[in-house]
Amino acid sequence: MPIAKTHEMHRRRLGRNLGVALLLAAFIAVIFGLTVVKISEGTFTPPHQEGT
Amino acid sequence: MTDTSLQPDRSAAEAQFGDYVALLKPRVMSLVVFTALVGLLAAPVGVHPMVGFAAILFIAVGGGASGALNMWWDADIDARMRRTRRRPVPAGRVAPEEALALGLALSGFSVVMLGLATNWLAAAWLAFTIFFYVVIYTMWLKRTTPQNIVIGGLAGAFPPLIGWAAATGSLALEPWLMVALIFMWTPPHFWALALFMRSDYDDAGVPMLTVTHGRPATRAQILVYTVLLAVLAVGTGFTTVGGPVYLAVAVVLNAMFLKGAWAIWRRDEARAEADDYRVEKRFFRLSLIYLFAHFGAILAEAGIDRMGLSVGGL
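Residues numbered from 1 in each chain as written. Chains lettered and ligands numbered in written order. Predicted model: local features only at pLDDT ≥ 70, side-chain atom pairs only at ≥ 80, totals over all residues. Heavy atoms only, no water.

Turning next to the overall build of chain B. Helix and strand content of chain B: 17 helices and zero strands. The C-alpha radius of gyration computed for chain B amounts to 21 Å, which stays within 12% of the reference 20 Å derived for 314 residues, consistent with globular compactness. Across its three principal directions, the C-alpha atoms of chain B cover 80 × 55 × 30 Å. Taking all 314 residues of chain B together, 53% fall into the buried category. Counting contacts in chain B only where the partners sit at least 6 residues apart, residues at least 24 apart contribute 73% of the total. Within the structure as shown, chain B displays about 13500 Å² of accessible surface, and the carbon and sulfur contribution to it stands at 68%. (Helix = DSSP H or I, 4+ residues; strand = E, 2+ residues; numbered from the N terminus. Rg over C-alpha atoms; globule rule 2.2 N^0.38 Å. Buried < 20%, exposed > 50% of the residue type's maximum accessible area, 1.4 Å probe, protein only. Contact = heavy atoms within 4.5 Å. Areas by Shrake-Rupley, 256 points an atom, 1.4 Å probe, with all protein chains shown as cover.)

The following block contains the structure:
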């Protein structure tokens, strides 16, 4: 008998962990997309150029 | 021995990912997403699709956050109502503190991210909307006044304004007309629900109009608000938001809505109970179509304008 028997609780935890992982991956993709757009549109001002 | 055998009861209460999604009230979120999208696209300033997508995403997250905070505060009421007792907090799948933490974290996250992605005017309006829904509506008005739905409905009305602000960085008459449309639509929509979910609000002790002023008064109020809504909705057709497509949709749907409200007003409880609130349920379903169709028509008008088309000289 395996020491760690798969249980309903493990299945739920796996589901939660996968959900969080997918959300984080999607968030990274959104930030990356926004960064590309803002830099290519020229609307982003790097901090050291502010006020110059 | 495994951890599961040590804690046999925990598995029943262990939340699934879907429980956290349910905390964000995905069905309400769909209304927020759609109306905010219309506000964003109806604005005269073009937005890069990626920025527009991010704006709608963060507005939706903000709406979800206020839903989680609402479920944290209202867990006692939710447990007593048939419609809401299976929600994650009253059902015991998510701890109230978890709902509070998720709501607060997502509120801050959504406001900051919307500000960074678009502008701080939109972010400020999102923050105000969350504050209004959670503090003014949920914590204060909902349990103290039968006008809870009327004033609290303002929170659900703000998304198109936030969408507009995200696109333009400013405000104008047009988004306020969209806000007014949702604001006036909310009372008849919720009071119809309160009529056929009759024992729910009584059991929970929420001072809905049906409980405090009686059901005939609620039927009369539905008609009054529907008449005011019809004037506003059709009148909007003659502003820059409207146009021939919008006007056609508004005339047809407001005629149907007025007919429904009139039928509700004419009925008494005995007749409503005899047919299991058929008219009230139909009016409630129509109210959902009503709002989506009006905003769909505003979107269509914006599309027509953008393509440089004009129909019928309007």
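Next comes the rest of the account.
Another aspect to go through is the domain arrangement of chain B. Residues and elements named next belong to chain B. Assigned domains within chain B: domain 1 (16-171) and domain 2 (172-314). Taken together, the contacts link 34 residues of domain 1 with 33 residues of domain 2. Both faces combined, the contact of domain 1 with domain 2 buries some 3100 Å², and carbon together with sulfur accounts for 76% of it. Taken together, the connections running from domain 1 to domain 2 amount to zero salt bridges. Where the side of domain 1 that touches domain 2 is concerned, the elements lending two or more residues are α4 (26-42), α6 (75-80), α9 (148-157) and α10 (159-168). (Domains from an automatic or database assignment. Buried area = accessible area lost by both parts, 1.4 Å probe. Salt bridge = Lys/Arg side-chain N within 4 Å of Asp/Glu carboxyl O.)

The next point concerns the interface of chain A and chain B. Between chain A and chain B, the residue contacts involve 22 residues of the former and 22 residues of the latter. Summed over both partners, the interface of chain A with chain B comes to about 1900 Å²; 69% of that surface belongs to carbon and sulfur atoms. At the surface where chain A touches chain B, the tally comes to zero salt bridges. Where chain A touches chain B, the interface holds two residue pairs in polar contact (both at pLDDT 80 or more). Taken together, the residues of the side of chain A that touches chain B break down into 10 nonpolar, five polar and seven charged. (Polar contact = N/O pair within 3.5 Å; in protein donor to acceptor, adjacent residues only side chain to side chain. Nonpolar A, V, L, I, M, F, W, Y, C, P; charged D, E, K, R; others polar.)

The subject of this paragraph is the nonpolar core. All names here are of chain B. Of all hydrophobic cores here, the largest spans 90 residues; its most connected members are Phe58, Leu114, Ile162, Trp191, Phe295 and Ile298. Residue contributions to this core peak at 13 residues, all from helix α11 (residues 173-196). Two domains each put at least three residues into this core: domain 1 (16-171) and domain 2 (172-314). When sequence neighbours within four positions are dropped, the list of residues in contact with isoleucine 298 reads Val38, Ala42, Met178, Val241 and Tyr246. (Core = buried A, V, L, I, M, F, W, Y, C linked by side-chain atoms within 4.5 Å.)

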